[in-house]
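The residues making up each chain are set out below.
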Number of protein chains: 2
Amino acid sequence: MKRIGKYTIMLQNQPKIIASAAIVGKKEAEGPLSEDFDQTFSDSKLGEDSWEKAETSFLKKVVELAIKKANKEPQDVDMILAGDLMNQCTTSSFGLRELNIPFLGQYGACSTMAQTLMMAAIMVDSGAASTAAAATASHFCSAERQFRLPLEYGGQRTPTAQWTVSGAGCAVVGDEGSIKIVDVMPGKIVDLGIKDAANMGAAMAPAAATTLFEYFQDTGTSPQDYDKIFTGDLGMVGSDLLRKLLLENNIDLGTVHNDCGLMIFDCDKQDVHAGGSGCGCAGSVLCGHILNNMASGKYRNVLFMATGALMSLTSSQQGESIPGIAHLVHLSSNS
Amino acid sequence: MKRIGKYTIMLQNQPKIIASAAIVGKKEAEGPLSEDFDQTFSDSKLGEDSWEKAETSFLKKVVELAIKKANKEPQDVDMILAGDLMNQCTTSSFGLRELNIPFLGQYGACSTMAQTLMMAAIMVDSGAASTAAAATASHFCSAERQFRLPLEYGGQRTPTAQWTVSGAGCAVVGDEGSIKIVDVMPGKIVDLGIKDAANMGAAMAPAAATTLFEYFQDTGTSPQDYDKIFTGDLGMVGSDLLRKLLLENNIDLGTVHNDCGLMIFDCDKQDVHAGGSGCGCAGSVLCGHILNNMASGKYRNVLFMATGALMSLTSSQQGESIPGIAHLVHLSSNS
């Protein structure tokens, strides 16, 4: 591996995405990307007796499916990098405990899909693993009751609020496949003092702008060098803010940018306010829609940058602001 | 990097520990390892207005100190890998947000020090970073009220219960120093069905036995090939169980093994029941006592294996068992 500029890491062997899988719940299946998911579930509990267990089941199912689509068995996977939003990342530890694969828990909040994919790519590029999996999941009901209010309370949502995606994504990284991981950039923690936990987009946009700006500096590229730049789950408010922050630095995203949180739902018709969010948002959109369209040749040169809000219920209750982070992965397709 | 056997990763450039720092609270400073800490605090809140903020302050202070001891500035550190026990790992995100260093949040519960050190070593060995830091922290009061009971309740502790260490550790990894990281092994999740959250040692011991057994298989070595084998925080109950489980596989740890949770406190005199625990236990003992004794030449060939219990309050309340994990780092000193 070689460092380019200040923060970018070039993967000299360009590891490939062997296969990926995306599964979601009912509301996501009714959205514009329905065709891109491998499996959808109309029962929000997936037959489990709690939402936390349903989220765990999402993760287990998506990892097993991705490994199967890669024509591999769990024992062929040298390590798995996974994380989620639940306290102590229990979705990952309980979801993966039966697979017997070395596990490295990652915490990046909603940036987890980019972080785990970056880590899996570094592991394969360096020879630490021949095959590594990256995965994440989230669930609307478990997130809502952990971070906000009991669902039964029926609290009214503000216009800036986002809707946590019930879904999961997994990518298996190795040395075969048409989509390669070219370079990656781990993000820095950026905190401009936003304290409204119902406006995550605004809290994460400064981190997204920082990562993108520094990536363009490091690589000497501009937005127009890419077919698409996908952010994780900035939603409407955060996406607008990202454009503005970059324009202040003379970078115009033009029509190149889209946000997974705006793509997964029809925001007007599906009553999700500012868009989708949660680890499973960027996770299921990357591992479904984005990689499908790269495999088909529609997109060849893509930046995938998922963003995370690094707060907890306790930190909010103690009056803390919301630090954000954005990790970037540069993907390229030969298709 | 090269894989040895089934799970072990050999670091071909053998990255070095440039410097490390360990800081702890009052009780830890009164224990047998008092001489090995860089800083101790008699005020359990470190001047902050909550225990969570005190834990955050521990992490910030230890990272700044380790970077200073390495004769570096924060901007010289290419990335930091850190994690903790707080919900959504807020100790790490809030503790590090002012340092402006690319951050990759790790979740391994009490195994975090081994996981972050392993990750930092892989990053430096592969060229993804020239300098990487690994850090973790925990606090008795924040852990107690998050996982168990309000402190004010004064709940009685069972004999198998362990005492969460208030403290932190940080190691800076790069290409200079007398202690090198030879090889590493990420652990698998092992769950034998233990459900007692006041007996973490028993929940983690099977994972520790699995990792050690497989490491000896992979490398063709035995306990007697090492000067010391340190486990993270198995405490009394878990350490006994580890010995028994390994003896069943004809591996005798003899006098080579010690446990950070048994070393940091005088278990009888300090009323800590089965010993110390928490991320900061293995973190402060490694980054203080163990590395100090390697630098002085007392220990030359050491296995450091921290263990984690991958549960949450919610998973326990929902009747789940406690999955364990153990990550291993092999250290060698030229001193």
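Here the structure is shown first, and the text comes after it.
Since this is a predicted model, take the numbers as computed values, not measurements.

Colleague: Break down the overall build of chain A for me, with residues and values.
Modeller: Summing up its helical and strand segments, chain A has 10 helices and 15 strands in all. Here the C-alpha radius of gyration of chain A, 18 Å, is about what a compact globule of 335 residues would show, namely 20 Å. Structurally, chain A occupies a C-alpha span of about 50 × 50 × 35 Å along its principal axes. Looking at chain A as a whole, 67% of its 335 residues are labelled buried. Looking at chain A alone, contacts between residues at least 24 apart form 78% of all its contacts between residues at least 6 apart. With the model as given, the accessible surface of chain A reaches about 10,900 Å², and the carbon-plus-sulfur share is 46%. Placing the 26 positive and 37 negative side-chain charges of chain A at their respective mean positions leaves the two points 1 Å apart.

Colleague: Break down the relation of the copies chain B and chain A for me, citing the residues and quoting the values.
Modeller: In the superposition of chain B on chain A (RMSD 0.0 Å, axial shift 0.0 Å), the rotation amounts to 180°. Each copy turns onto its partner about a two-fold axis.

Colleague: I'd like a description of the state of the cysteines, backed by residues and values.
Modeller: Residue and element names in this part refer to chain A. Counting across every chain of the model gives zero disulfides over all chains. Its sulfur unpaired, cysteine 170 is 6.6 Å from the next cysteine sulfur, which belongs to cysteine 287. Classification of cysteine 170 as buried rests on a relative accessible area of 0%.

Colleague: Run through the pattern of salt bridges, naming residues and quoting values.
Modeller: Residue and element names in this part refer to chain B. Using the criterion set out here, one finds 24 salt bridges over all chains in the structure. For the salt bridge of lysine 60 with glutamate 64, the shortest nitrogen-to-oxygen distance reads 3.2 Å. Residue lysine 60 and its partner glutamate 64 are both found in helix α2 (residues 51–69); the two are separated by four residues, about one turn of the helix. The partly exposed category is assigned to lysine 60, whose relative accessible area is 23%. Glutamate 64 sits in the partly exposed class, given a relative accessible area of 34%.

Rules used throughout
Residues numbered from 1 in each chain as written. Chains lettered and ligands numbered in written order. Predicted model: local features only at pLDDT ≥ 70, side-chain atom pairs only at ≥ 80, totals over all residues. Heavy atoms only, no water. Helix = DSSP H or I, 4+ residues; strand = E, 2+ residues; numbered from the N terminus. Rg over C-alpha atoms; globule rule 2.2 N^0.38 Å. Buried < 20%, exposed > 50% of the residue type's maximum accessible area, 1.4 Å probe, protein only. Contact = heavy atoms within 4.5 Å. Areas by Shrake-Rupley, 256 points an atom, 1.4 Å probe, with all protein chains shown as cover. Lys, Arg positive; Asp, Glu negative; His and termini not counted. Charge placed at Lys NZ, Arg CZ, Asp CG, Glu CD. Least-squares fit on C-alpha atoms with pLDDT ≥ 70 in both. Disulfide = S-S within 2.5 Å. Salt bridge = Lys/Arg side-chain N within 4 Å of Asp/Glu carboxyl O.

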